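# Structural features, examined
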Amino acid sequence: MTQTQLTIALTKGRILKETLPLLKAADIEPIDDILSSRKLLFETNHPHIRLMILRGSDVTTYVRFGTADMGIAGKDMLMEHLAEDNHSKDKGIYELLDLNIAKCRLMTAGLKGQRSDGLKRIRVATKFTEIAEQYYAEKGVQAEIIKLYGAMELAPVMGLADEIIDIVDTGNTLKANGLEPWDSIADISSRLIANKASMKMKHEMIKSIVEKIRPVVAG
Ligand code: PRP
């Protein structure tokens, strides 16, 4: 009988460097040099395990559809995905483990010294539109959400928006553009996730990977 295939979706960039030692702890190593290669699909030391390299925002999509059985995604992406899923009944993802890597915060921010709590209706630029809708609705603030795909910091500077919702790590990007952090929405880190159907059908394989990674993840 052929062994069950397992596909894991990872994110390119700085998170990948921190992810590889965790996979190694689970005895999963890509055959090619995943950090320098332009390939997007990698075989591993296990013939039945493959790694995919995706944009962060696409990991939840591949895992939700079961095209990837497991994935590593930022909590920000998971929150956005969950908020999106609130519109449908399909909640196809389990969050298995906080990997405690790529830690940062999801925050509102705006021009330094120009915070106004008195605005009746505000304009907010962000790529996290679902989180934003939910956040301002809960606060009872009327917000017009403008979707951007990057360089959110420019929106208040150029007068496109009153504030932004974005990831803040060191705060240097905000500072360099004359902005300051305002409210914290959530603490973010990378999470190990799995497709719900895969979790049933490939339970032993997934469980064994989780149990090998768990001890090396700082609590
Ligand atoms: C993120 C975020 C900010 C920056 C914050 O962008 O969108 O621009 O990092 O980091 P800092 O607080 O340390 O300055 P990233 O570099 O991940 O690129 P992206 O916006 O394309 O995802």
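For the structure itself, consult the block above.
Residues numbered from 1 in each chain as written. Predicted model: local features only at pLDDT ≥ 70, side-chain atom pairs only at ≥ 80, totals over all residues. Heavy atoms only, no water.

## Quick word on helix α1 (residues 14-25)
Within the span of α1, buried status applies to Leu16, Thr19, Leu20, Leu22 and Leu23. Those residues of α1 hidden inside the fold are in contact with β1 (6-11), β3 (49-54), β4 (70-74) and α8 (203-213). Trailing α1 by a residue or two, Asp27 shows a phi angle of about 65 degrees, which is positive. (Buried < 20%, exposed > 50% of the residue type's maximum accessible area, 1.4 Å probe, protein only. Helix = DSSP H or I, 4+ residues; strand = E, 2+ residues; numbered from the N terminus. Contact = heavy atoms within 4.5 Å.)

## Digging into the sheet that holds strand β6 (residues 104-111)
Overall, mixed pairing links the five strands, which are arranged β8-β7-β9-β6-β10 in an open sheet. Edge strands, defined here as strands with exactly one partner in the open sheet, are β8 (142-147) and β10 (179-188). Looking at each pair of strands side by side, their axes are set apart by 30 degrees on average, direction ignored. Two strands pair when backbone bridges link them, and strand β7 (residues 121-126) and β8 are joined in this way by six bridges, in the parallel orientation. Paired with Arg121 across the strands is Gln142, a residue of β8. Contacts from helix α3 (residues 75-85) reach β6, β9 (163-168) and β10 within the one sheet, and its direction differs from that of β10 by about 75 degrees. (Pairing = 2+ DSSP bridges. Axes fitted to C-alpha atoms, helices over the stretch in contact; angles between N-to-C directions.)

## Let's talk about the environment of His203
The topology assignment puts His203 in helix α8. You can call His203 partly exposed: its relative accessible area is 34%.

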